[in-house]
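Take a look at the letters that make up each chain.
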Amino acid sequence: MIRLNRRRFVTLGSAALVGACAMRPGSPAKYPFTLGVASGEPAADGFVIWTRLAPEPHSGGGMPDAPVAVGWEVAADEGFRGIVARGTATARPDWAHSVHVEVAGLQPGRWYWYRFTTPDAASPAGRARTVPSAGAETLRFAFSSCQRWEVGHYTALRHAADAAPDLFVHLGDYIYEYALREGRNYIRTFDAGETVSLADYRNRYALYKSDPALQAAHAACPWLVTWDDHEVDNDYADDRPEDGMARSDFLKRRAAAYQAYYEHMPLRAAQRPSGPNLTLYRAVSYGDLATFHILDDRQYRSPQACPRPGRTGGSNTVGPECAERLDPSRSLLGAAQETWLRQGLLAGRARWNILAQQTLMSPARWEGDRYWTDGWDGYPAARQKLVDVLATGRVSNPVVIGGDVHSFYAADLHARPQDPSSPVVAAEFVGGSISSLGLPQEQIDKLKALNPHVKLARSDVRGYAMAELAPGRMTMRFQAVQDARVPVSGVGTLASYVVEDRNPRLQVA
Ligand code: FE
Ligand code: CA
């Protein structure tokens, strides 16, 4: 990896931001599609298409306080000669002038192009693919997570878009709520405090979505999204914030964060929030080849066990002294989602069952028998309940994909997760982070040595994972970028694995 002087990047980042600012308020252009377009939630007959009108994206959007009509069209070709669907949607001020159109009536298993128009402007075009109705031969999907804006560039997303997958799965930490801290060398800077209000969260999404590589990745294929903690507040658990904010204040904050999330994601109306609630867990099927069970491990979880002394919530790393961690009544998904997932896994007819969730599911035991309480290790009884479902043998080819830990992981998930002599029930892959920084590699090397079911653990590179599914096998490639501190750099394959039909154990490709 080429190491350049860090200070140079700070200077470049600041210069780029000044350039962007100069084109903001008062600009004569007033182009409304500054945040690009997106598609998501593909089905056999359609998908969601998304945009948001925001001529002044960094300061509230800059739209009048009135509904605005937005035209949309879907074409069978890149040149928009054969329009197959069109209509008009209303962008409302109470939803930040976002537009979510659920396009239906399309043909299964083919690519379409879409765009939006206002009387004065047309959006860039996006590309989306419908799901094959049955007999799908292959599916290529990319996934990653964790794109902290100020610490890196979205080089990984640029490469993921260039690889032209059928789907991209984003596993959370789409934004980070933090303010910048004094004295840090950031790659890019912005001028705003920690996000608390609806206006704060909207501006933060606008900041992130102004990134051209992120826009390119959204335009390249439909996305399936779920969130982790930073879309609201680091380490929050249900109604409990990381710090001592009152419950009622935190639920207002959560409502603002969830609303802004919906406003900026290509989600269906079924995911529209109501106050501090948003049902994000859902299943999306890709013919009879795969079902994505998209999980929400934040909104319903029990509080983390044994928080740090003097704190009311948040994560900790604890040893055997923390009995609460093992309490069988503690849940990561909540009872309703657990039941829904168990039923979906057992009833599903797809060849591959992808558990699209936030974090590492396999145990990560640190020296001294210590565990980090924010991930599945903080909820071992809930994990065992889920693994017991996979171990019935009635779930066809479960594969766990995850994010959160700013690392690549490949692991065998065992029927008794701590016991490597118990049968392997699922392959697990954590697909790196797009820009967020991981723990030092030396620490991760020690962790790997203590956890024989972990076959790869790399925190020192950024990137994404690319999966190729066929009925008989899945191949998984971990793609690491050369340097996420610059907008453009090379990419290479860090590791490749194969998982065969009815044999969940990882094989090195
Ligand atoms: Fe993260
Ligand atoms: Ca996280």
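Residues numbered from 1 in each chain as written. Chains lettered and ligands numbered in written order. Predicted model: local features only at pLDDT ≥ 70, side-chain atom pairs only at ≥ 80, totals over all residues. Heavy atoms only, no water.

Caption draft 1: Highlighting the overall build of the protein chain. Scanning the protein chain from N- to C-terminus turns up eight helices and 24 strands. C-alpha extents for the protein chain along the principal axes are approximately 65 × 55 × 50 Å. A buried classification covers 57% of the 509 residues belonging to the protein chain. When the accessible area of the protein chain is evaluated, it comes to approximately 19400 Å², of which 51% is carbon and sulfur surface. When the 56 basic and 55 acidic side-chain charges of the protein chain are each reduced to a single mean position, those positions are 3 Å apart. (Helix = DSSP H or I, 4+ residues; strand = E, 2+ residues; numbered from the N terminus. Buried < 20%, exposed > 50% of the residue type's maximum accessible area, 1.4 Å probe, protein only. Areas by Shrake-Rupley, 256 points an atom, 1.4 Å probe, with all protein chains shown as cover. Lys, Arg positive; Asp, Glu negative; His and termini not counted. Charge placed at Lys NZ, Arg CZ, Asp CG, Glu CD.)

Caption draft 2: Structural detail: the packing of aromatic side chains. Considering all chains together, one arrives at 20 aromatic pairs under this definition. Summarising the aromatic geometry, the rings of Tyr-114 and Phe-116 are spaced 6.4 Å apart at their centres and angled 80 degrees between planes, so their arrangement reads as edge-to-face. The burial state of Tyr-114 is the same as that of Phe-116; both residues are buried. Just above the ring of Phe-80 sits the side chain of Arg-115; from NZ or CZ to the centre is 3.9 Å. The positively charged end of Arg-127 is found above the aromatic ring belonging to Trp-111, 3.6 Å away from the centroid. (Phe/Tyr/Trp six-rings, centres within 6.5 Å; stacked < 30°, edge-to-face > 60°. Lys NZ or Arg CZ within 6 Å of the ring centre and 35° of its normal.)

Caption draft 3: Spotlight on the coordination of the calcium ion (ligand 2). The protein atoms donating to the calcium ion (ligand 2) are Asp-173 (OD), Asp-228 (OD), Asp-229 (OD) and Asp-404 (OD), with metal-donor distances spanning 2.3 to 2.7 Å. The sequence pattern formed by the donor residues of the calcium ion (ligand 2) is D-x54-D-D-x174-D. A separation of 3.8 Å is found between the calcium ion (ligand 2) and the iron ion (ligand 1), which are bridged by Asp-173. Here Asp-173, found in the loop between strand E10 (167–170) and helix H3 (198–209), pairs with Asp-228, found in the loop between strand E11 (223–225) and helix H5 (247–264); they are 55 residues apart in sequence, far enough to count as distant. (Donors = N, O, S within 2.8 Å, 3.2 Å for Na, K, Ca; no water.)

Caption draft 4: Main features of the nonpolar core. Of all hydrophobic cores here, the largest spans 49 residues; its most connected members are Tyr-154, Leu-157, Tyr-208, Trp-223 and Tyr-261. At the level of secondary structure, the elements contributing two or more residues to this core comprise strand E6 (111–118), helix H2 (155–162), H3, helix H4 (212–220), E11, H5 and strand E21 (463–470). Here the element with the most residues in this core is H5; it accounts for seven residues. With residues near it in sequence (within four places) discarded, Tyr-208 still touches Gln-147, Arg-148, Trp-149, Glu-150, Tyr-154, Tyr-174, Ile-175, Tyr-176 and Leu-214. One finds Val-131, Val-284, Ala-410 and Phe-478 within the second-largest nonpolar core, a separate group that totals 37 residues. (Core = buried A, V, L, I, M, F, W, Y, C linked by side-chain atoms within 4.5 Å. Contact = heavy atoms within 4.5 Å.)

Caption draft 5: Representation of the packing of helix H6 (residues 335–347) against helix H7 (residues 380–390). The geometry of H6 relative to H7 is characterised by a closest axis approach of 10 Å and an angle of 15 degrees between their N-to-C directions. By the criterion of interaxial angle, the relationship of H6 to H7 is roughly parallel. Handedness of the crossing formed by H6 with H7: right-handed. Contacts between H6 and H7 involve Glu-338, Leu-341, Arg-342, Leu-345 and Leu-346 on the former and, on the latter, Ala-382, Lys-385, Leu-386, Val-389 and Leu-390. For the contact of H6 with H7, the residue count by class is seven nonpolar, no polar and three charged. (Axes fitted to C-alpha atoms, helices over the stretch in contact; angles between N-to-C directions. Parallel < 35°, antiparallel > 145°, perpendicular 65-115°, else oblique. Left-handed = near helix turned anticlockwise from the far one by under 90°. Nonpolar A, V, L, I, M, F, W, Y, C, P; charged D, E, K, R; others polar.)

Caption draft 6: Summary view of the coordination of the iron ion (ligand 1). Within the protein, the iron ion (ligand 1) binds to Cys-146 (SG), Asp-173 (OD), Tyr-176 (OH) and His-406 (NE2); these donor distances fall in the range 2.0 to 2.5 Å. Here the iron ion (ligand 1) is ringed by four donor atoms whose angles at the metal span 87 to 166 degrees, and the overall shape comes out irregular. The sequence pattern describing where the donors of the iron ion (ligand 1) fall on their chain is C-x26-D-x2-Y-x229-H. (Tetrahedral: all angles 85-135°; square planar, octahedral: opposite > 155°, others 65-115°.)

Caption draft 7: Molecular detail of unusual backbone geometry. A positive phi angle, near 55 degrees, is found at Ala-96, a position not held by glycine. Summarising the element assignment, Ala-96 is placed in the loop between strand E4 (83–91) and strand E5 (98–103). Assessed through its relative accessible area of 6%, Ala-96 is described here as buried. Even without being a glycine, His-97 presents a positive backbone phi close to 55 degrees. Take His-97: it is sitting in the loop between E4 and E5.

Caption draft 8: How the structure looks around the pairing of strand E15 (residues 352–356). By the criterion of burial, E15 is predominantly enclosed, with five of the five residues buried. With burial as the criterion, each face of E15 is covered, one bearing Trp-352, Ile-354 and Ala-356 and the other bearing Asn-353 and Leu-355. Sheet topology places strand E13 (residues 290–294) next to E15; five bridges connect them, and they run parallel. In the sheet register, Ala-290 faces E15, and the bridge partner there is Trp-352. Sheet topology places E15 next to strand E17 (residues 398–402); four bridges connect them, and they run parallel. Residue pairing in the sheet places Asn-353 in a bridge with Pro-398 of E17. (Pairing = 2+ DSSP bridges.)

Caption draft 9: Structural context of H3. For H3, built from twelve residues, the straight-helix expectation of 16 Å at 1.5 Å per residue is met to within 8% by its first-to-last C-alpha distance of 16 Å. Regarding H3, the residues found buried are Tyr-201, Arg-202, Arg-204, Tyr-205, Ala-206, Leu-207, Tyr-208 and Lys-209. Packed against the buried residues of H3 are strand E2 (46–52), H4 and H5. (Expected span 1.5 Å × (residues − 1).)

Caption draft 10: Region of the structure containing the state of the cysteines. This structure, assessed with the given rule, holds one disulfide. The partner cysteine of Cys-306 in its disulfide is Cys-322, sulfur to sulfur 2.0 Å. What sets the handedness of the Cys-306 and Cys-322 disulfide is the S-S torsion sign, and at about 90 degrees it is right-handed. Pair noted here: Cys-306 is in the loop between E13 and strand E14 (317–318) and Cys-322 is in the loop between E14 and H6, with a separation of 16 residues, a long-range link. Exposure remark for Cys-322: the relative accessible area of 3% places this residue in the buried category. In this structure Cys-221 is not part of a disulfide, and its nearest cysteine sulfur, from Cys-146, lies 19 Å away. Here Cys-221 falls in the buried class, since its relative accessible area comes to 1%. (Disulfide = S-S within 2.5 Å.)

Caption draft 11: Inspection of the pattern of salt bridges at higher detail. Under the counting rule described, the total for this entry stands at 29 salt bridges. Glu-150 is the partner of Arg-148 in a salt bridge, and the nearest nitrogen-oxygen pair spans 2.9 Å. Residue classification places Glu-150 among the buried residues on the basis of a relative accessible area of 1%. With a shortest N-O distance of 3.2 Å, Asp-238 and Arg-254 are connected by a salt bridge. Within this pair, whereas Asp-238 is found in the loop between E11 and H5, its partner Arg-254 is found in helix H5, the two being separated by 16 residues in sequence. Residue classification places Asp-238 among the partly exposed residues on the basis of a relative accessible area of 25%. (Salt bridge = Lys/Arg side-chain N within 4 Å of Asp/Glu carboxyl O.)

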